[in-house]
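Each chain, written out:
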Amino acid sequence: MIQRRPFLSLLLSAWLPAWAAAADPRRVIFLQPLGKALPEADVALVKAALSVFYDMDVRVAPRLGLPKAAYYSPRRRYRAEKLLSFLEKRAPADAYRVLGITAVDISTTKKPYKDWGVLGLANVDGSSCVMSSFRCKRKAKNAEHARQRFGKVAVHEIGHTFGLSHCPNRGCLMEDAKGSVLTSDREYDLCADCRQKLIRRGYSLASGDPPWPKPSA
């Protein structure tokens, strides 16, 4: 899921990133594990997925506890937008992007719902994003299947921070989940349109096979 930044910021980002991203020496994506429940195997899969798609240095920061201020007790969830604020304040000095990863359920406001559960949340062209493995487990065949879904969500949310909106192409990793993790099961790669958008914005793409199987036709 995405949050929209102010119109002026989006307008400027339409022409700035083509040179600004390439000139920025801090091309590091930091993974920030939040809470004790997230398995190390999930962290490793997310790191591998991002390294396959984006030509950047992916590092794992020391695990942090979940901030109490982000907890929404009526639904026993953590508010994603508050987690974004938490991550931005604690971002390493050399971080280009920070991705918070957790196993607890997260949510945000999506009209007409005051508290809407989400897989992840990011600002377009923002410095941080956050995602949860909680909903990746729904109707999953096993733990590895849920973990692969989690990796796909990571590529999706970081893609938003690089300026990508939801993609209309069925099967693209930037496709809008529309509230369901099941759409990820037909996804495998970024489509050619999204790849070209990233290249035009000055981002280098990595090469390699994604750490999940190709969906059956």
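Since the model is a prediction, treat every value here as computed from it, not as a measurement.

### A closer look at the sheet that holds strand 7 (residues 106-110)
- Strand order in the open sheet formed by 4 strands is 4-5-7-8, and the pairing between neighbours is mixed. Each edge of the open sheet carries a strand with a single partner, namely strand 4 (71-72) and strand 8 (113-118).
- In this fold helix 4 (residues 80-89) packs onto strand 5 (77-79) and strand 7, with an angle of close to 60 degrees to the strand it touches most, strand 5.

### Concerning helix 4
- Here helix 4 has its buried residues at Ala-80, Leu-83, Leu-84, Phe-86 and Leu-87. The buried residues of helix 4 all sit within an arc of 160 degrees when viewed along its axis, so they share a single face.

### Quick notes on the pattern of salt bridges
- Following the criterion strictly, the structure yields 15 salt bridges and no others.
- One salt bridge in this structure joins Arg-201 and Asp-125, with 2.7 Å as the shortest N-O distance. On the criterion of sequence distance, the pair formed by Arg-201 in the segment after helix 6 (192-200) and Asp-125 in the loop between strand 9 (120-123) and strand 10 (128-132) is long-range, its members being 76 residues apart. In this structure, Arg-201 and Asp-125 share a single accessibility class: buried.
- Through salt bridges that share partners, Arg-75, Arg-77, Arg-79, Glu-81, Asp-105, Asp-115 and Arg-135 make up one connected network.

Thresholds, definitions, all that
Residues numbered from 1 in each chain as written. Predicted model: local features only at pLDDT ≥ 70, side-chain atom pairs only at ≥ 80, totals over all residues. Heavy atoms only, no water. Pairing = 2+ DSSP bridges. Helix = DSSP H or I, 4+ residues; strand = E, 2+ residues; numbered from the N terminus. Contact = heavy atoms within 4.5 Å. Axes fitted to C-alpha atoms, helices over the stretch in contact; angles between N-to-C directions. Buried < 20%, exposed > 50% of the residue type's maximum accessible area, 1.4 Å probe, protein only. Arc of directions from axis to C-beta. Salt bridge = Lys/Arg side-chain N within 4 Å of Asp/Glu carboxyl O.

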